[in-house]
Amino acid sequence: MTISLNVPVPGQVKRLAGDLEPDLYTFERVRRSHTLGIKRFGERTPTEYARLVPRVRQAIVGTPPFEARVTGIETFEAPPKGDSPVVYLAVESPVLRELNSDLSEAFGVIEGIDGEDYTPHVTLARGGTDAERERLREREIEPVSWVVSELVLWDATHGEVATRLSLPV
């Protein structure tokens, strides 16, 4: 199982991504399911996963619901993993950055992804020409804000939520 801790993306953000899809048709790969990752834990056996869940629960104890906000369209020209470049919705949230920092301290840093390198985002597509990426970065979008009240441990191997973690009010 390949596991990560994610924020469920609300319908408003999914609609925004869907509205942008016609502008992404020339890109090599368009992401149709959207996630907002906080921390990757990598490959875990079922036994390792069973031990991971209570450790993650303990690590997020005391984290109240918090705000996240999509603010624009950006790119990673040379992402640390996967095909490049990447076009994404930029997300602002000091609490997301703090959570990644705390979780990286507790579970280790994945170089280029965690800690100081962490960039909260929702991937839209990979590839595209320089001109297409620039056109998207210049596009104005209506910011989308929401309150994050739940986190999920995502099983990328099976493409499903493995565990839901509510943030206490």
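Residues numbered from 1 in each chain as written. Predicted model: local features only at pLDDT ≥ 70, side-chain atom pairs only at ≥ 80, totals over all residues. Heavy atoms only, no water.

A.B. asks: What exactly am I supposed to notice about the overall build of the protein chain here?
C.D. replies: The number of helices and strands found in the protein chain is four helices and nine strands. Its C-alpha atoms give the protein chain a radius of gyration of 16 Å, near enough to 15 Å, the size a compact globule of 169 residues would have. With the C-alpha coordinates of the protein chain rotated into their principal frame, the extents come out at 45 × 30 × 30 Å. Put simply, the protein chain has 169 residues, and 41% of those count as buried. Taking the contacts inside the protein chain whose residues are at least 6 apart along the sequence as the reference set, 78% of them involve residues at least 24 apart. The average position of the 20 basic charges and that of the 27 acidic charges among the side chains of the protein chain differ by 5 Å. (Helix = DSSP H or I, 4+ residues; strand = E, 2+ residues; numbered from the N terminus. Rg over C-alpha atoms; globule rule 2.2 N^0.38 Å. Buried < 20%, exposed > 50% of the residue type's maximum accessible area, 1.4 Å probe, protein only. Contact = heavy atoms within 4.5 Å. Lys, Arg positive; Asp, Glu negative; His and termini not counted. Charge placed at Lys NZ, Arg CZ, Asp CG, Glu CD.)

A.B. asks: For this particular structure, what's the right way to read the environment of Gly18?
C.D. replies: Examined against the element boundaries, Gly18 turns out to sit in helix α1 (residues 11-20). Judged by its relative accessible area of 35%, Gly18 is partly exposed.

A.B. asks: How should the pattern of salt bridges be read in this particular structure?
C.D. replies: One pass over the structure, following the stated rule, counts eight salt bridges. The partner of Arg139 in a salt bridge is Asp23, with the nearest N and O atoms 2.0 Å apart. Taken as a pair, Arg139 in the loop between α4 (130-138) and β7 (144-148) and Asp23 in the loop between α1 and β2 (29-30) lie far apart in primary sequence, 116 residues in all. Its salt-bridge partner being Glu77, residue Arg137 comes within 3.2 Å of it at the nearest N-O pair. (Salt bridge = Lys/Arg side-chain N within 4 Å of Asp/Glu carboxyl O.)

A.B. asks: What should I look at first to understand the environment of Thr75 in this one?
C.D. replies: Looking at the element boundaries, Thr75 is found in strand β4 (residues 66-76). Taking the C-alpha atoms as reference, Thr75 lies 34 Å from Val169; in sequence the two are 94 residues apart. The residues touching Thr75, leaving out its near neighbours within four places in the chain, are Val86, Val87, Tyr88, Arg133 and Arg137. Engagement of the side chain of Thr75 in a polar contact is seen with the side chain of Glu77, the distance being 2.8 Å. A polar contact of 2.6 Å, which involves the side chain of Thr75, links it to the side chain of Arg137. (Polar contact = N/O pair within 3.5 Å; in protein donor to acceptor, adjacent residues only side chain to side chain.)

A.B. asks: Just to check I follow, could you spell out the sheet that holds strand β8 (residues 150-155) for this structure?
C.D. replies: Backbone hydrogen bonds are what pair the strands of a sheet, in a parallel or an antiparallel way. Taken in spatial order, the four strands line up as β3-β1-β8-β9 in an open sheet, and their pairing is antiparallel. Every other strand in the sheet has two partners, leaving β3 (36-43) and β9 (160-166) as the edge strands with one partner each. Averaged over neighbouring strand pairs, the angle between their axes works out to 20 degrees when direction is ignored. Two strands pair when backbone bridges link them, and strand β1 (residues 2-7) and β8 are joined in this way by four bridges, in the antiparallel orientation. Of the residues in β8, the one forming a bridge with Ile3 is Asp155. Lying over the sheet, helix α2 (residues 46-60) contacts β1, β3, β8 and β9, oriented at roughly 30 degrees with respect to β9. (Pairing = 2+ DSSP bridges. Axes fitted to C-alpha atoms, helices over the stretch in contact; angles between N-to-C directions.)

A.B. asks: It is not clear to me how the sheet that holds strand β5 (residues 86-92) should be interpreted in this structure. Could you clarify?
C.D. replies: If you trace the five strands from one edge of the open sheet to the other, you get β2-β6-β5-β4-β7, paired in antiparallel fashion. Of all strands in the sheet, those bounded by a partner on one side alone are β2 and β7. Taken together, the five bridges between β4 and β7 define a ladder with antiparallel strand orientation. Within the sheet, the bridge partner assigned to Glu67 lies in β7 and is Val147. Along the sheet face, α4 touches β4 and β5 and points at about 150 degrees away from the line of β4.

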